[in-house]
Every structure is written in C-alpha cells, then in structure tokens.
Amino acid sequence: MLPHPTGVLSDLDRVLLDAPSIQSRIAAMAREVAADFDGKVITVIAIMDGGLFFVADLLRAIDLPMRLVTMSASSYHGTTKSSGQVHLPWPASLDLKDQHVLLLDDILDTGLTLGAVQDRLKQEGAATIRTGVLLKKRREHAREVAVDYVGFEIEDEFVVGYGMDYQGRFRNLPCIGILRP
Ligand code: IMP
Ligand code: MG
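All of the points below concern the structure found in this document. Being a predicted model, the structure only gives us computed values, none of them experimental.

**Regarding unusual backbone geometry**
Omega for the peptide link from Met48 to Asp49 comes to 0°, which places this bond in the cis form. One non-glycine residue, Tyr162, lies in positive phi territory at about 50°. Relative to the helices and strands, Tyr162 is located in the loop between strand E7 (159-160) and strand E8 (176-179). A relative accessible area of 5% means that Tyr162 is categorised as buried. Located in the positive-phi region is Phe170, a residue other than glycine, with phi close to 80°. Mapping Phe170 onto the fold places it in the loop between E7 and E8. Judged by its relative accessible area of 6%, Phe170 is buried.

Definitions and limits used
- What you see as residue numbers is a count from 1 along each chain, following the sequence as written.
- As they are written, the chains are lettered A onward and the ligands numbered 1 onward, keeping that order.
- Totals for whole chains, interfaces and linings use every residue, but because this is a predicted model, local features are given only for residues with pLDDT of at least 70 and side-chain atom pairs only at 80 or more, for both listing and counting.
- The side-chain quantities take in all heavy atoms of the structure and omit both hydrogens and water.
- Secondary structure is summarised from DSSP: a helix means a run of H or I of at least four residues, a strand means a run of E of at least two, and numbering begins at the N terminus for each.
- Whether a residue is buried, partly exposed or exposed follows from its accessible area with a 1.4 Å probe, protein chains only, as a fraction of its type maximum: under 20%, in between, or over 50%, in that order.

Read these as layout, nothing more, since geometry by itself doesn't imply function.
Written out as structure tokens, the structure reads:
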C-alpha cells in the first residue's frame, strides 16, 4: 500500500493514475525525449512547483548532458479555476540564445502558462523548443500551444497529487487523483 497512513489519500474521491502507471509512462517519455535530443546538450526549463516530481523523475531517466533551470509560473492563485493571468518572473542571467530547450510542466489546462513561456523562449532566441507535460486536459484550451510530449490525456477535472496541489496541499501524493467534492 501507499505510505500515507494518516490520511492524505482519504481526501480523494478516486485515484486516476497510480504511481506505477505514472512511472512507466515517464520512462517511455524519457526514451522519446532522449532520441529527439540525441547529440545535443539540453537546457531544461522546469515550471515549479507543480512540475517538481515529474521533472525529477523524467530527467533522471534521460542520459544526455543537460542543465536545469526552474521557474515559477502559474495562471492559478489557490483556487480550482484559472485566473487567466500568467505570472512569469524571469531569471536575470539566463542566456537561451541558440540553446536546445526542453520546457516541462505538470499539466496543460488553459494553455496560457505554457504559451506565455514559449513566447518568451522564442524571444530569447532558443534554437529548439520542445514542450512536455505529464497531463493534458481534454477541453477547449484558451490558447492552443504546441506540445511534443504528453504523458496522459485526462478529462476536464481538477486533479491533485504527484506535484499538483489544491491550495498548497496534496503535492506529496505519489498518485494522481480527484478530490472529494
Ligand atoms: P494553464 O495555464 O491553465 O494551462 O495551467 C497551468 C497550471 O495550472 C499548471 O501548471 C498547474 O500548476 C495548474 N493547474 C491546472 N490544472 C490543474 C489541476 O487540475 N490541478 C492542479 N493544478 C492545476
Ligand atoms: Mg504549474
């Protein structure tokens, strides 16, 4: 059983993706990424905090030289609905000119966050921009963004766990689930 005896899991209505399913899908994604970037040095732009565990697991399965840049960007502010506003503080000394960038985030929902980051990566002169998400919601995206790697497509429901939060909680769940209403 999963190591949460005191009840984080008990707040879930149901588990959508269990830990082994997540891990085996990530291993397959890592092989795809490694094949696409073969012979290159990757600059990974990882969107925090939601992408924390996805990025950690994916990157450790990719046997290519890389550097890692974390960023905070979000269109959510502690609720279950997108605010439509993207906050994107940019690291001061980041030089992406001619770099091969792998942009990673936990989930593609409205598309506003990844769209904003992709715009900025283009402005900064990246040579390659490939984007990966663990989850993509089946919904109309406020902004259609090009995504090269998708772990799982899910219905348009609010999910928590494996990095994703509701009001700061549930990130530490090893699985991904739907909260009880
Ligand atoms: P977007 O800009 O609407 O695509 O949203 C992206 C960000 O919102 C993601 O990086 C997540 O951090 C957060 N988010 C979107 N959907 C969910 C969800 O179902 N659960 C938790 N966080 C979510
Ligand atoms: Mg996020």
